[in-house]
Amino acid sequence: QGLRSQKGLLKESCNPYVQVDFNGTSQATQTHKGTDTPTWNEQVLVPFSMPAWDNSANVNVWHAGGVSGGKKKMGDIDLIVDDLAQKALPPTWFYFFQAPPGARGVKLLRKTADPDESEFAGRMLISATMERTEKPLLMVRAAEVAQEPVVKEGEIWVDMYMVNFDSIEQPEDMYVTVELPMIL
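Small disclaimer: the values here were computed from a predicted structure and weren't measured.

The rules behind each value
- Residues numbered from 1 in each chain as written.
- Predicted model: local features only at pLDDT ≥ 70, side-chain atom pairs only at ≥ 80, totals over all residues.
- Heavy atoms only, no water.
- Helix = DSSP H or I, 4+ residues; strand = E, 2+ residues; numbered from the N terminus.
- Buried < 20%, exposed > 50% of the residue type's maximum accessible area, 1.4 Å probe, protein only.
- Areas by Shrake-Rupley, 256 points an atom, 1.4 Å probe, with all protein chains shown as cover.
- pLDDT = per-residue confidence, 0-100.
- Contact = heavy atoms within 4.5 Å.
- Phe/Tyr/Trp six-rings, centres within 6.5 Å; stacked < 30°, edge-to-face > 60°.
- Lys NZ or Arg CZ within 6 Å of the ring centre and 35° of its normal.
- Core = buried A, V, L, I, M, F, W, Y, C linked by side-chain atoms within 4.5 Å.

A closer look at the overall build of the chain
In terms of helices and strands, the chain carries one helix and 11 strands. Ordered by position from N to C terminus, the α and β elements of the chain give β-β-β-β-β-β-β-α-β-β-β-β. The 184 residues of the chain split such that 27% are buried. Per element, the accessible surface of the chain, about 13500 Å² overall, is 51% carbon and sulfur.

Section: unusual backbone geometry
Of note in this structure, N23 is not a glycine but carries a positive phi near 50 degrees. With respect to the helices, strands and loops of the structure, N23 is situated in the loop between strand 3 (16–22) and strand 4 (25–28). The backbone phi angle of N41 is positive, close to 45 degrees, even though this residue is not glycine. Topologically, N41 is positioned in the loop between strand 4 and strand 5 (42–45). For N41, a relative accessible area of 30% gives the class partly exposed.

Some details on the confidence of the model for the chain
Here the chain averages 79 in pLDDT, while 82% of its residues score no lower than 70. Here strand 9 (residues 108–109) stands out as the element of the chain with the lowest mean pLDDT, 50, in contrast to strand 3, whose mean of 93 is the highest. Note on residues 109–113: pLDDT is under 50 here. Beyond four places in sequence and across chains, it has 12 contacts.

Comments concerning the packing of aromatic side chains
Applying the stated rule across the entire model yields two aromatic pairs. Taken together, a centroid distance of 6.3 Å and an interplanar angle of 75 degrees make the contact between F97 and F120 edge-to-face. One end of the pair, F97, is in strand 8 (residues 89–98); the other, F120, is in strand 10 (residues 119–128), with 23 residues separating them in the sequence. Since its relative accessible area comes to 34%, F97 is described here as partly exposed. Three or more aromatic residues link up through ring pairs in this structure, and these residues are Y95, F97 and F120. The ring of W62 has K71 sitting right over it, with the charged end atom 4.2 Å from the ring centre. Across from the ring centre of W93, 3.5 Å away, lies the NZ or CZ of R123, which sits over that ring.

Describing the nonpolar core
In terms of nonpolar packing, the biggest core is built from 22 residues, with V59, I77, L79, M124 and I126 touching the most fellow members. Considering each element in turn, this core owes the most residues, four residues, to strand 10. Those residues in contact with I126 that sit more than four places away from it in its chain are V59, I77, L79, L89, P90, P91, T92 and F94.

Here it is in structure tokens:
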């Protein structure tokens, strides 16, 4: 939802698709042309053996370039395989942030020291699980519509009691980054 349109040769557009890369394999969903709010309802199946030599499945949202031909990454998510082996990931929103238009290059921002230097670039609802199967197949197939998770509002506050700096190298500005673990 809310994916950012990408500049093309003639106009801005949004032609997103999802690609899952894991353990040397890659599978992609269908491309949804001309929408910033695609609904795939597709299941990407990737066979592998445990232990796997790669511990993260990379889920990338791409813009199919259209007339210009080039594809552009719109967002990415890393799912940790060991975590999925312990517990399935229920439908969960993942948010994307990018440098604002006009900034020096448009790059994906996973973490930023200055929140003013990034802006919302979309979000994607994902669920994931690992299952043992007799004949694993590499494929994309239709999936049931996922139930959106309940979103609850909350507050975050940070109490800082002491910050020590070398008197010669004291910074003009200081930023605090708060990272919260996903609570399922």
